[in-house]
Amino acid sequence: MIADKALVVFSGGQDSTTCLFWAKQHFAEVQTLTFAYGQKHQQETSVARRIAELAGVSFTLLDAPLIGGLGRNSLTDTSITMDAEQPADGTPPNTFVPGRNLFFLSIAAVIARERGIRHLITGVSHTDYSGYPDCRDTFIRSLNATLNLAMDEQFVIHTPLMELDKAQTWALADSLGVFDLVRTQTLTCYNGIVGDGCGHCPACKLRQHGLQQYLAQKQQTANAQ
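These figures come from a predicted structure and were not determined experimentally. (Residues numbered from 1 in each chain as written. Predicted model: local features only at pLDDT ≥ 70, side-chain atom pairs only at ≥ 80, totals over all residues. Heavy atoms only, no water.)

Asker: Explain the pattern of salt bridges here, please?
Answerer: Note that side chains of opposite charge can pair when their charged atoms are close. Tallying each qualifying case throughout the model produces seven salt bridges. Between Asp4 and Arg118 there is a salt bridge, and its shortest N-O distance comes to 3.6 Å. Of this pair, Asp4 sits in strand 1 (residues 2-9) while Arg118 sits in the loop between helix 4 (100-114) and strand 4 (119-121), placing them 114 residues apart in sequence. Judged by relative accessible area, which is 38%, Arg118 ranks as partly exposed. A salt bridge links Arg141 to Asp137, with the shortest nitrogen-to-oxygen separation between them at 2.6 Å. Pair noted here: Arg141 and Asp137 are both in helix 5 (residues 137-151), with a separation of four residues, about one helical turn. Exposure remark for Arg141: the relative accessible area of 59% places this residue in the exposed category. Assessed through its relative accessible area of 18%, Asp137 is described here as buried. (Salt bridge = Lys/Arg side-chain N within 4 Å of Asp/Glu carboxyl O. Helix = DSSP H or I, 4+ residues; strand = E, 2+ residues; numbered from the N terminus. Buried < 20%, exposed > 50% of the residue type's maximum accessible area, 1.4 Å probe, protein only.)

What follows is the structure, encoded as structure tokens:
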């Protein structure tokens, strides 16, 4: 464990919850920061608060509607029908909120600086990144350097899930002892349904596919023993 503090950008979803409990094993003190950015499923913030309480860490909710209001996307604009699949032309789906991770991590860095924190943690992955350009490792590395230059600090952005697919993320949650919590109490669904979700939106499909892969692998391992 590092005798230091860390700030987790926290949505209460599968990925950030897994990162939260990863952080608790790696840092002496962990804090969470959740954003209300105009997302349709506003219960995301109450789910995040509840999980933070269960984890025994501090919780900060920041109202930042500007993030969701700058560009048109189906997560904040009720007039847009959500893309059910990844666009065939390789462009980001309309669930992509332009600049979201850029804003999240930049604001988190300012707050971290004020609190004497230099470790930032986010649940992005370029393995299962849903076509979102701000989940790529190149972006995170670039932003890390920019934040350090912008504030003359030595922030370290940790991305525990960057090289993991969803099955491996489930495996990590299991190894951290929070598999059931992640499965039943997190909110990943774009339609705002806790746990296994609606089963139809892109986030639910990705989550469920990874879960079935992991459970099959776990059963195969058990049978081989």
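Asker: Would you take a moment to explain unusual backbone geometry for this structure?
Answerer: With the exception of glycine, the majority of residues adopt a negative phi angle, and the majority of peptide bonds are in the trans configuration. Of note in the backbone geometry, Asp152 takes a positive phi value of approximately 55 degrees without being a glycine. The exposed category is assigned to Asp152, whose relative accessible area is 71%.

Asker: For this particular structure, what's the right way to read the pairing of strand 1?
Answerer: Regular strands show a simple pattern: their side chains alternate between the two faces of the sheet. Both strand 1 and strand 2 (residues 27-36) contribute to a ladder of six bridges, which runs parallel. Residue pairing for strand 2: Ile2 is matched across the bridge by Phe27. One crossover worth recording links strand 1 to the parallel strand 2 by way of helix 1 (residues 14-26), and it is right-handed. As defined by bridge partners, strand 1 adjoins strand 4 across three bridges and the pair is classed as parallel. Considered in strand 4, the bridge of Leu7 is made with Leu120. (Pairing = 2+ DSSP bridges. Right-handed = clockwise from strand over helix to strand, strands pointing away.)

Asker: Help me understand the pairing of strand 3 (residues 58-63) in this model?
Answerer: By the bridge criterion, six bridges tie strand 2 to strand 3 in an arrangement that is parallel. Its bridge partner lying in strand 3, Leu33 is registered against Thr60. Handedness of the β-α-β unit built from strand 2, helix 2 (residues 43-55) and strand 3 comes out right-handed.

Asker: Is there a simple way to think about the packing of aromatic side chains in this case?
Answerer: To describe a pair of aromatic rings, you give the distance between the ring centres and the angle between the ring planes. For the structure shown, the criterion picks out five aromatic pairs. On the basis of an interplanar angle of 65 degrees and a centroid distance of 6.3 Å, the ring pair of Trp22 and Phe27 is categorised as edge-to-face. Residue classification places Phe27 among the buried positions, given a relative accessible area of 2%. Ring geometry for Tyr37 and Phe104: centres 5.6 Å apart, planes at 65 degrees, overall edge-to-face. In this pair, Tyr37 is assigned in the loop between strand 2 and helix 2 and Phe104 in helix 4, connecting sequence segments 67 residues apart. Of the residues examined, Phe104 reaches a relative accessible area of 10% and is grouped as buried. By way of ring pairs, the aromatic residues Phe35, Tyr37 and Phe104 are connected into one cluster. Stacked on the ring of Phe179, the Lys or Arg Lys218 has its end atom at 5.8 Å from the ring centre. (Phe/Tyr/Trp six-rings, centres within 6.5 Å; stacked < 30°, edge-to-face > 60°. Lys NZ or Arg CZ within 6 Å of the ring centre and 35° of its normal.)

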